[in-house]
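Summary of structural features
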Amino acid sequence: MTTTIARTLGAAVAALALLAGCAGAPAAAPAAPQQRAASVTLPAAPVCDDANESTTSYAPVPGEAAPNVDAIRARGALRVGVSADTLLMGSRNPLTGQIEGFDVDMLRAVSAAIFGDPDRLQFRVITSAQRLEVLERHEVDLVARAFTVNCERWETIAFSAEYLTAGQKVLVTRDSDAGGIEDLAGERVCAPEGTTTLERLEETYPDVTAVSAPTHTGCLVLFQQGRVDAITGDDTILAGFAAQDPYAKVVGEAFSAEPYGIGVAADQVDLVRFVNGVLDQSKADGTWAASYDRWLGALGPAPVPPVSVYGR
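Below is a short write-up of the structure. The model shown is predicted, which means the values in this text are computed figures rather than measured ones.

Definitions and cut-offs
Residues numbered from 1 in each chain as written. Predicted model: local features only at pLDDT ≥ 70, side-chain atom pairs only at ≥ 80, totals over all residues. Heavy atoms only, no water. Salt bridge = Lys/Arg side-chain N within 4 Å of Asp/Glu carboxyl O. Buried < 20%, exposed > 50% of the residue type's maximum accessible area, 1.4 Å probe, protein only. Helix = DSSP H or I, 4+ residues; strand = E, 2+ residues; numbered from the N terminus. Patch = residues over 30% accessible without salt bridge, like charges linked within 9 Å, V, L, I, M, F, W, Y side chains within 5 Å. Areas by Shrake-Rupley, 256 points an atom, 1.4 Å probe, with all protein chains shown as cover. Lys, Arg positive; Asp, Glu negative; His and termini not counted. Charge placed at Lys NZ, Arg CZ, Asp CG, Glu CD. Pairing = 2+ DSSP bridges. Right-handed = clockwise from strand over helix to strand, strands pointing away. Phe/Tyr/Trp six-rings, centres within 6.5 Å; stacked < 30°, edge-to-face > 60°. Disulfide = S-S within 2.5 Å. Core = buried A, V, L, I, M, F, W, Y, C linked by side-chain atoms within 4.5 Å. Contact = heavy atoms within 4.5 Å.

What follows covers the pattern of salt bridges. Where charged atoms from two side chains of opposite charge approach closely, those side chains can pair. Scanning the model with the defined rule gives 12 salt bridges in all. Of the charged contacts in the structure, one is a salt bridge between Glu133 and Arg137, with a shortest N-O distance of 3.8 Å. A relative accessible area of 29% means that Glu133 is categorised as partly exposed. The salt bridge partner of Glu258 is Arg200, with a shortest N-O separation of 2.7 Å. Taken together, the residues Glu258 in strand β14 (residues 258–260) and Arg200 in helix α6 (residues 196–204) connect sequence positions 58 residues apart. The exposure class of Glu258 is buried, given its relative accessible area of 1%. Residue Arg200 is classed as partly exposed on the basis of its relative accessible area, which comes to 21%. Counted as one network, the salt bridges with shared partners bring together Arg124, Glu133, Arg137 and Glu139.

This part takes up a negative patch on the surface. Taken together, the side chains of Glu152, Glu155, Glu199, Glu202 and Glu203 present a region of like negative charge at the surface. Note on placement: Glu202 falls in helix α6.

The next thing to look at is the pairing of strand β11 (residues 209–213). Bridging between strand β10 (residues 188–192) and β11 involves five bridges; their strand directions are parallel. Residue pairing for β11: Arg188 is matched across the bridge by Thr209. In this view, the connection linking β10 to its parallel neighbour β11 by way of α6 has right-handed handedness.

For the rest of this paragraph, the subject is the packing of aromatic side chains. Under the criterion given, the structure shown has nine aromatic pairs. Seen in terms of ring centroids, Trp154 and Phe159 are 5.8 Å apart; in terms of plane orientation they differ by 70 degrees. Their pairing is edge-to-face. Exposure class is identical for Trp154 and Phe159. Each is buried. For the pair Tyr163 and Tyr260, a centre-to-centre distance of 6.3 Å together with 55 degrees between the ring planes defines the contact as tilted. Highlighted residues: Tyr163 in the loop between β7 (157–159) and β8 (164–166) and Tyr260 in strand β14, separated in sequence by 97 residues.

In total, this model carries one disulfide according to the counting rule given. A sulfur-sulfur distance of 2.1 Å marks the disulfide that ties Cys190 to Cys219. Measuring handedness by torsion sign, the sulfur bridge of Cys190 and Cys219 sits at about -75 degrees and is left-handed. On the criterion of sequence distance, the pair formed by Cys190 in strand β10 and Cys219 in helix α7 (residues 216–224) is long-range, its members being 29 residues apart.

Looking now at the nonpolar core. Within the largest apolar cluster, 65 residues are counted, with the highest numbers of intra-cluster contacts made by Leu78, Phe102, Leu142, Tyr163, Leu164 and Ile262. Counting residues per element, this core draws most heavily on helix α3 (residues 102–115), which supplies seven residues. If sequence neighbours within four positions are ignored, Tyr163 has contacts with Phe102, Asp103, Met106, Ala144, Tyr260, Gly261, Ile262, Leu279, Lys283, Trp288 and Pro306. Val170, Val172, Ile181 and Val208 belong to the second-largest nonpolar core, a separate cluster that totals 12 residues.

Pasting the structure below:
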């Protein structure tokens, strides 16, 4: 990559990063408070031996008391943790200033179900490493940020049913001969802090030099500056990188399955169930497929949505 190209791309990324600040919908007049029902009993976190088993979640219960959903409705806005620099999943549109993407569409569906308005979202822009803590501290209601469901995370938070299955791949320069992660021994490969991607890179591929960055965009900056040789991440995220950088390409077969779920505080079971009902409806009525085609169509036609797993 020439110096001119590198500088141009670096400037573009820097501009995107500057735009990735916090934003929220205008405060809406809160609805009248509703009578609160007694707290629901918190089910035990699912017993799981691997990440896929931990996609178990809480089935919707029609007519069940929903005190946490009522509290959100009374507040007038759904507080959500998102990315603002992950193109296609959650990123700020430089023309409109709005945060948009597949993850955001899932949250918009929840907002529409609660308020009759998909735009009652109050955004909190977070890094991958902050996803657990903002839920544990009840600073947001939901997190949708390429959030892989796994057993360790189930110990402190709850998840919705799976709404997207991603897979870990690698992004390299257009002229690279690498065909996958197995061809990168001795190379510097970047992954964001606080992700299963970085954990897998460090534990499973010791011949690769793992380099961490605070965010996915941080990895892209290092890549474009020539300070790392490749980036590893979910195919959904790398597709966005390849769309931004014509001198990069995604190679190899996926070497992991990454089931995405919406994160919820562990003690808000009624909210988990409500979200699951929204996701199930979205999967059934074609809304999910339309969103997939809009944002992730470069990966191929919309697949069958992941089946929601309940009752384990």
